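Architecture and fold: a report
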Amino acid sequence: MDAPDKSAKPFLSDVTTLRARARKHLADGAVTAAYVGDVQQTIDILQTVLATEIVCVLRYTMHSIAAAGISSDSVKKEFAEHAREEREHMTAVAERINQLGGKPDFNPEGLATRSASQYAEGENLVDMIRENLIAERIAVEHYRELIRYFGDDDPTTRVMLEGILGVEEEHANDMHDLLVAHEGVPMLPD
Ligand SMILES: [Fe+2]
Ligand SMILES: [Fe+2]
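Report on the accompanying structure. Here the structure is a predicted model, which means the values were calculated and not measured.

1. Quick notes on the coordination of the iron ion (ligand 1)
Protein-derived coordination of the iron ion (ligand 1) comes from Glu53 (OE), Glu53 (OE), Glu86 (OE), His89 (ND1) and Glu168 (OE), at a distance range of 1.9 to 2.7 Å. Linear spacing of the donor residues for the iron ion (ligand 1) on their chain is E-x32-E-x2-H-x78-E. Taken as a pair, the iron ion (ligand 1) and the iron ion (ligand 2) lie 3.9 Å from each other and share Glu86 as a ligand. One end of the pair, Glu86, is in helix H3 (residues 73-99); the other, Glu168, is in helix H6 (residues 155-183), and 82 residues separate them in sequence. Glu168 carries the same exposure label as Glu86, and that label is buried.

2. Structural notes on the coordination of the iron ion (ligand 2)
Summarising the metal site, the iron ion (ligand 2) is bound by the protein donors Glu86 (OE), Glu136 (OE), Glu136 (OE), Glu168 (OE) and His171 (ND1), whose distances to it range over 2.0 to 2.4 Å. Mapping the donors of the iron ion (ligand 2) onto the primary sequence yields the spacing E-x49-E-x31-E-x2-H. Judged by its relative accessible area of 0%, Glu168 falls in the buried class.

3. What about the nonpolar core?
In a soluble, globular protein the nonpolar side chains are often hidden away together inside. Core analysis: the largest hydrophobic core is formed by 26 residues, its most contacted members being Leu46, Val49, Leu50, Val93, Tyr143, Leu146 and Leu161. Mapped by element, the contributors of at least two residues to this core are helix H2 (39-66), H3, helix H5 (125-150) and H6. Residues Phe79, Ile129, Leu133 and Ala172 belong to the second largest nonpolar core, which totals 14 residues.

Rules behind the numbers
- Residues numbered from 1 in each chain as written.
- Chains lettered and ligands numbered in written order.
- Predicted model: local features only at pLDDT ≥ 70, side-chain atom pairs only at ≥ 80, totals over all residues.
- Heavy atoms only, no water.
- Donors = N, O, S within 2.8 Å, 3.2 Å for Na, K, Ca; no water.
- Helix = DSSP H or I, 4+ residues; strand = E, 2+ residues; numbered from the N terminus.
- Buried < 20%, exposed > 50% of the residue type's maximum accessible area, 1.4 Å probe, protein only.
- Core = buried A, V, L, I, M, F, W, Y, C linked by side-chain atoms within 4.5 Å.

Everything listed here is a matter of geometry and, on its own, says nothing about what the molecule does.
Structure follows, in structure tokens:
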């Protein structure tokens, strides 16, 4: 006869302990005692990501309205679509800051200095596309670095950033293709 499976017991008690611990720290949001990273450091980093996304929302929204000229209609739509997606990123990052017990910083004061990308209006359609391509490349580079930084210490934040990164890479490709379509050749080195 097989011996009674004693491994089930510690597992169950572990689950109970985990639940009790999670409940005890409920007031601290989603962060459990097992959180490996420095929570305040994570919040500070995410505030810069939040500022970056807000600036992206503003820049694409402005471009979607200001873009003018021949064949600008499809570009305007693309800018508007990107503005919507940047808004989703902005919300996701703000929610994560909130979960970690921080207060998402939406203060317009100092926004540009907190952001990793800049708000550039662009003189014409091609300028706008170029500014967006530059901003997307900075975001991609920055987020790749952050994903490596969070690693296994904060998988929730890392997975969120991986999702955002995928969309920023698409944005960069879209802007690159538009630049090629409107300029013939890309104006930026790869
Ligand atoms: Fe974004
Ligand atoms: Fe983007």
